[in-house]
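Each chain is listed here by its residues.
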Amino acid sequence: MYTGILHTHKLVVVLFLLLYLVKTVLLLANQKDLLAKVKKITKVPEMIISFGFLATGLFLIVQKPDAISQYTWIKLVAVFGSIPLAVVGFKKENKVLAALSLVLIILAYGLAEMAKRNVPKQEVVVAVANPTEANYSLQEHGKAIFTSYCAVCHGQDGKLGLAGAKNLSTSTLTDEEVKNIITNGKNAMAPYKKVLSAEEITAVAAYAKTLKN
Ligand code: HEC
């Protein structure tokens with residue numbers, strides 16, 4: 001459900017951006033007749049897109065309140081700030097306001113992408129974190145990383161399912177696929193390649209597999 005809404009949200013956001021881009025370009029290029037035509041044709045689709053944009057966005061926030069970061073707030077301010085600017089800008093055919101509104105929307109879009117990429121590095125407390133040492137335990141190392149990074153969404157037992165996180169106790173993926181998802185991320189799950197080392201990814205992937213029933 002969450003993943004489906006997330007995809008829908010991304011789609012309507014892209015449509016919304018395209019529509020605004022076209023209208024702003026026409027306004028800036030003084031193509032008033034063409035702009036009037038486009039406005040007329042897109043009136044109803046625009047209402048549907050705008051509603052879809054806000055409704056799916058709201059759903060995502062309500063479903064995943066823990067994920068609201070400072071980026072989310074800036075994003076919300078940018079989105080809601082751009083609406084009155086766009087309304088007034090297009091009504092009065094004010095180029096500065098319309099352009100400013102578009103800049104705000106694009107900024108919000110960029111921030112949404114950035115927020116996903118930024119997983120902060122955390123202190124993972126584990127007795128021996130070096131695989132070459134004699135008393136190294138892959139299980140212990142993996143568990144420590146899992147608790148610090150993954151349990152928020154997946155839960156310590158892998159079954160929590162927050163933000164659309166897959167149930168790890170019933171996962172049917174191969175070791176390679178698990179490593180690949182941890183490394184590169186998937187949908188609401190961020191990539192960990194810049195956060196975790198290769199050894200850490202191996203350890204946490206191995207631990208994730210032990211959560212299977
Ligand atoms: C922000 C929440 C979040 C965090 C934190 C998170 N995940 Fe995920 N994880 C997800 C979501 C969402 C999916 C489902 C992706 C999809 O298929 O759409 C997922 C899917 C997975 C899968 C694939 C399961 C399957 O059967 O498809 C694995 C394995 C996994 N996560 C492991 C981890 C590990 C290990 C960590 C910690 C390094 C982690 N996750 C951190 C949200 C999260």
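Let's talk about the coordination of the iron atom of the ligand
A metal bound by six donors in octahedral fashion has ideal angles of 90 or 180 degrees, whereas one bound by four tetrahedral donors has an ideal angle of 109.5 degrees.
Here's step 1: Summarising the metal site, the iron atom of the ligand is bound by the protein donors His-154 (NE2) and Met-189 (SD), whose distances to it range over 2.0 to 2.1 Å.
Here's step 2: Classification of the site at the iron atom of the ligand rests on its six donor atoms, whose angles at the metal span 87 to 179 degrees, yielding the label octahedral. Taken together, the residues His-154 in helix H5 (residues 138-154) and Met-189 in the loop between helix H6 (175-184) and helix H7 (198-210) connect sequence positions 35 residues apart.
Here's step 3: Since its relative accessible area comes to 10%, His-154 is described here as buried.
Here's step 4: For Met-189, a relative accessible area of 24% gives the class partly exposed.

Brief notes about the packing of H5 against H7
Here's step 1: Direction vectors running N to C along H5 and H7 enclose 90 degrees, while the axes themselves pass 7 Å from each other. The orientation of H5 with respect to H7, classified from their angle, is roughly perpendicular. Two secondary-structure elements touch here, H5 through Leu-138, Gln-139, His-141, Gly-142, Lys-143, Ile-145, Phe-146 and Cys-150 and H7 through Glu-200, Ala-203, Val-204, Ala-206, Tyr-207 and Thr-210.

Some points on the pattern of salt bridges
Here's step 1: Summed over all chains, the structure comprises three salt bridges.
Here's step 2: Glu-46 is paired through a salt bridge with Lys-23; the nearest N and O atoms lie 2.9 Å apart. Placement of Glu-46 in helix H2 (residues 32-63) and of Lys-23 in helix H1 (residues 2-28) is noted, with a sequence separation of 23 residues between them. The burial state of Glu-46 is the same as that of Lys-23; both residues are buried.
Here's step 3: Note that Asp-175 is salt-bridged to Lys-209, the shortest N-O span being 3.0 Å. Here Asp-175, found in helix H6, pairs with Lys-209, found in helix H7; they are 34 residues apart in sequence, far enough to count as distant.

What counts, and where the lines are drawn
- Residues numbered from 1 in each chain as written.
- Predicted model: local features only at pLDDT ≥ 70, side-chain atom pairs only at ≥ 80, totals over all residues.
- Heavy atoms only, no water.
- Donors = N, O, S within 2.8 Å, 3.2 Å for Na, K, Ca; no water.
- Tetrahedral: all angles 85-135°; square planar, octahedral: opposite > 155°, others 65-115°.
- Helix = DSSP H or I, 4+ residues; strand = E, 2+ residues; numbered from the N terminus.
- Buried < 20%, exposed > 50% of the residue type's maximum accessible area, 1.4 Å probe, protein only.
- Axes fitted to C-alpha atoms, helices over the stretch in contact; angles between N-to-C directions.
- Parallel < 35°, antiparallel > 145°, perpendicular 65-115°, else oblique.
- Contact = heavy atoms within 4.5 Å.
- Salt bridge = Lys/Arg side-chain N within 4 Å of Asp/Glu carboxyl O.

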